[in-house]
Amino acid sequence: MTRRIEIRKNTYLDSVSLMSMSTKANAVEGVTQALLGMATPMNKEVLQSVGVNDAAIDDARPSDLMIVIDADDESIDAAIQAVNDILARKDKGATGATEIRYRTLDGAFENAPDANLVLISVNGAFAAREARKALNAGKHVMIFSDNVAVEDELALKQLAHEKGLLVMGPDCGTAIINGVGLAFSNAVRRGSIGIVGASGTGSQEVSVRIHDFGGGVSQLIGTGGRDLSTEIGGISMIDGINALDADPETSVIVIVSKPPAEDVAEKVLAVAGAASKPVFVTFLGSDRTDSGYDNVTMVKGTKPLAIAAVVASGIDESTLDKHPLNIPLIEEVRAKLAPEQKYVRGLFCGGTLCDEAMFAALDKYDNVYSNIQKDPARRIGATDASREHTFLDMGDDDFTNGRPHPMIDPSLRLQRLVQEADDPEVGVIAMDFVLGFGAHEDPVGVTIPAITEAKEKAAARGQHLEILGYVLGTDIDTPSFDAQVAQLEAAGVTIASSSTNLGLLAREFVAKGDN
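No experiment lies behind these values; they were computed from the predicted model shown.

Basis of the calculations
- Here the residue index of a chain counts from 1 through its sequence in written order.
- Totals for whole chains, interfaces and linings use all residues, but because this is a predicted model, local features are given only for residues with pLDDT of at least 70 and pairs of side-chain atoms are given and counted only at 80 or more.
- With hydrogens and water excluded, all non-hydrogen atoms of the structure serve as input to the side-chain values.
- In this analysis a 1.4 Å probe is tested at points of a 1 Å grid over the protein atoms alone, and where it fits but cannot get out there is a cavity; an open set with protein on both sides within 12 Å along at least five of seven lines is a pocket; lining residues have an atom within 4 Å of a point.
- Grid points are joined across faces, edges and corners, and a volume is the space filled by probe spheres set on the points.
- Working definition: helices are DSSP H or I runs of at least four residues, strands are E runs of at least two. Numbering for both runs from the N terminus.
- The patch calculation keeps residues exceeding 30% relative accessible area without a salt bridge and links them within 9 Å when they carry like charges or within 5 Å when they are nonpolar (Val, Leu, Ile, Met, Phe, Trp, Tyr).
- Residue exposure ignores everything except the shown protein chains as possible cover, and the areas themselves are Shrake-Rupley values with a 1.4 Å probe.
- The working definition used for a salt bridge is a side-chain nitrogen of Lys or Arg within 4 Å of a carboxyl oxygen of Asp or Glu.
- For the purpose of counting charges, residues Lys and Arg are taken to be positive, whereas Asp and Glu are taken to be negative. His and the chain ends are not included.
- Lysine's charge is taken at NZ, arginine's at CZ, aspartate's at CG and glutamate's at CD.
- Any two strands with at least two DSSP bridges between them are considered paired.
- We call two residues contacting when some pair of their heavy atoms lies within 4.5 Å.
- Each axis is a line fitted through C-alpha atoms, and for a helix only the stretch in contact is used; angles between axes span 0 to 180 degrees, taken between their N-to-C directions.
- Under the convention used throughout, the expected extent of a helix is 1.5 Å for every residue step, that is, one less than its residue count.
- Residue exposure (1.4 Å probe, protein chains only): buried if accessible area is under 20% of the type maximum, exposed if over 50%, otherwise partly exposed.
- Here a Phe, Tyr or Trp ring, Trp counted by its six-membered ring, pairs with any other such ring whose centre lies within 6.5 Å, and the pair is stacked when the planes are under 30 degrees apart, edge-to-face when over 60, and tilted otherwise.
- Placement of a charge over a ring requires the Lys NZ or Arg CZ to be within 6 Å of the ring centre, with the centre-to-atom vector within 35 degrees of the ring normal.

A. Inspection of empty space enclosed by the protein at higher detail. Counting across every chain of the model gives three cavities of 30 Å³ or more. Of the volumes computed, that of the largest cavity is approximately 70 Å³. What lines the largest cavity is simply Met394, Phe399, Thr400, Arg403, Pro404, His405, Pro406, Asp409, Leu412 and Arg413. Breaking the lining of the largest cavity down by element, the ones donating at least two residues are α14 (397–400) and α15 (411–420).

Laid out in C-alpha cells, this is it:
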C-alpha cells in the first residue's frame, strides 16, 4: 500500500465540488482511500484523526488544496492520474464548455452585474465574510456552508432584513428559485405553491409530494435549520413568508420545519396569519392542531401537508391517489418476523426524513434513540452502538465532519447497514434514497450489495430481515425514479410511497401483541 500526498497551492474548490470529487476519486480502481479538502485547520485536524501526518500538510495554507491518496503500490500512479482527470473535468461544464470562474466575489460582481443571488459553499470559517460582501453588494444569499457561528448567522440575517434581501442558511441544503434548483434539489413542475422550509430534505419531500399529487412549486425558499431557534428568531422564515405573500405566481404558502422554539413558532404563525393567502404549516414533532388564525392550517406530516396544499391550489381531492397504508402488507411482514424481532433501525441521509420516522415511532414507543433526539437520555453519538429503536441522521455534523454528505457518499451508511443486521432483535431497517441535483448518481445501485449482505446475515440465523426503503424523487428526476425503485424491489426491499408512510410502516411492522 502506498500513500501519496500532494498540496496544490492556491487551488480553491468549493465544498459541494469537493464532496462530489472525493466520492468519484474513492471509486477509482486500486484506491482504498482518497481525501480531498482545503487546508483549513479543521480539515487538518480531521486528517490527523485518521492518522495522516505530514510536514507538507502542516505548512499548507487554507487556500491550498490537499490531496491524500492511499492505493495499491502498482496502482498509485494510475490513481493519481485518475484524480487529476477528475480535477481537470471540474474546469469543464457538462457539455465540455469551459466554465467562467472568478477568484473573488468582486470579480464576479463586476462581470455579472445582473446576477442577484450568490450561493456560498466555502469553508464555514469564511462563509460569513463572503456572505456579508454579497449582501453589501445588494445580492440575496444562499449559504450551503455549515459550521457558521450563530452570532454570525444572526448578524447576516439582520443585515439582509434591513436591506430587503433574503439569507437562506447557513447549512441550507435546498432551494428552488424561479425554477432553478440549488444545492440538493428535485425536478418538479412549476406551479402556484410556494414553500418556505427550515429543513432541507423536508422541503424536498414536500416539493416531491406536491409534484406527485399533480401540483407545482412557484418557489422553494430554504432558511437553514437554526432559523426557528430562539437565538435567530425566525428572521428568514418570516421574510420568506412575506416574499411568497407578495409573489404574484404564488397562491398557496406551505411552511415546513423541524421542531421550532415555541416563542418563535408564535411569531411565525402571527406573520402567516397576516398573509393574504392560505398557509399550511407542519412543525414536525408538534402536536399543535390550532394555529389561532383563520387562514393558517396546522397539518401533521409532510404527505398530508402536500395534499392540503394541492387541494387549496385547485386540484380536485377526489382525483388524488393518496397512497393509503397497506394493511395486508403490515400483517404479512409481521407474520415473517420472529417474536424477538421487535426493533426498528433507521439509517437516513435526510435529517427531516429521519425526524418524521422517529416521531412516528415516538407516537407509539418510548424507547426510541437517535443522534438527533431532543431527550438527552435517548440521544446517542455517531460512534455509539444502536439500542432498541434507533434512528440515525447520517447527514448530521457528527457523521459528516471531514467527510462527504451521505447523499453524495453513502459508504458509512453501507457499513452501518451490514452492522445493524447482526442484531437478532432487529426486524426492520428503514432507509431513504434521495434522487436529484447534487445527490449520488445511483444511490440505490451502490447500496444493493450491502442490502443483500444484510439480508443474507439474517437468513443464515433463520430470520427474515425487512428492508423498508423510500425513494425521494420524481418521474422527471435523474437518475430514473422507476429504475431506482425497480432495483430495490428486485433486491427484496419493500417500498414506501412517502416519508410519512415510511415512518408509519416501520413502526407497525414490528408491533407486537397490544402495541
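B. Focus on a negative patch on the surface. On the surface, Glu29, Asp72, Asp73 and Glu74 cluster together to form a negatively charged patch. Topologically, aspartate 73 is positioned in the loop between β3 (65–71) and α4 (76–90).

C. Highlighting the sheet that holds strand β6 (residues 167–168). A sheet is described by the order of its strands in space; here three strands give the open sequence β4-β5-β6, paired in parallel fashion. Looking at the sheet topology across the chains shown, the edges are occupied by β4 (117–120) and β6. Inspection of the sheet shows strand β5 (residues 140–143) paired to β6 by two bridges, in the parallel sense. Of the residues in β6, the one forming a bridge with valine 141 is valine 167. Contacts from helix α6 (residues 124–136) reach β4, β5 and β6 within the one sheet, and its direction differs from that of β5 by about 165 degrees.

D. A look at the sheet that holds β3. Strand order in the open sheet formed by three strands is β1-β3-β2, and the pairing between neighbours is antiparallel. Single-partner strands in this sheet number two, and they are β1 (2–8) and β2 (31–38). Along the sheet, successive strands turn relative to each other by an average axial angle of 10 degrees, direction set aside. Where β1 meets β3, seven bridges bridge the pair, whose relative direction is antiparallel. Residue pairing for β3: isoleucine 7 is matched across the bridge by methionine 66. Here helix α2 (residues 41–49) sits on the sheet and contacts β2 and β3; the angle it forms with β3, its principal contact strand, is near 15 degrees.

E. The arrangement of helix α9 (residues 235–246) in detail. For α9, with twelve residues, the first-to-last C-alpha span of 17 Å sits near the 16 Å given by 1.5 Å per residue. Where the residues of α9 are buried, they touch α7 (150–163), β6, β9 (190–198), β10 (217–222), β11 (252–257) and α10 (262–273).

F. Representation of the pattern of salt bridges in the model. Throughout the structure, instances matching the rule amount to 26 salt bridges. Salt-bridge contacts for glutamate 205 lead to arginine 209; the nearest nitrogen and oxygen are separated by 3.4 Å. In this pair, glutamate 205 and arginine 209 both sit in helix α8 (residues 200–212), four residues apart, roughly one turn of the helix. The exposure class assigned to glutamate 205 is buried, which follows from its relative accessible area of 0%.

G. Quick peek at the packing of aromatic side chains. Scanning all chains against the criterion turns up one aromatic pair. Across the ring face of phenylalanine 433, the terminal group of arginine 413 is positioned such that the distance to the ring centre comes to 5.1 Å.

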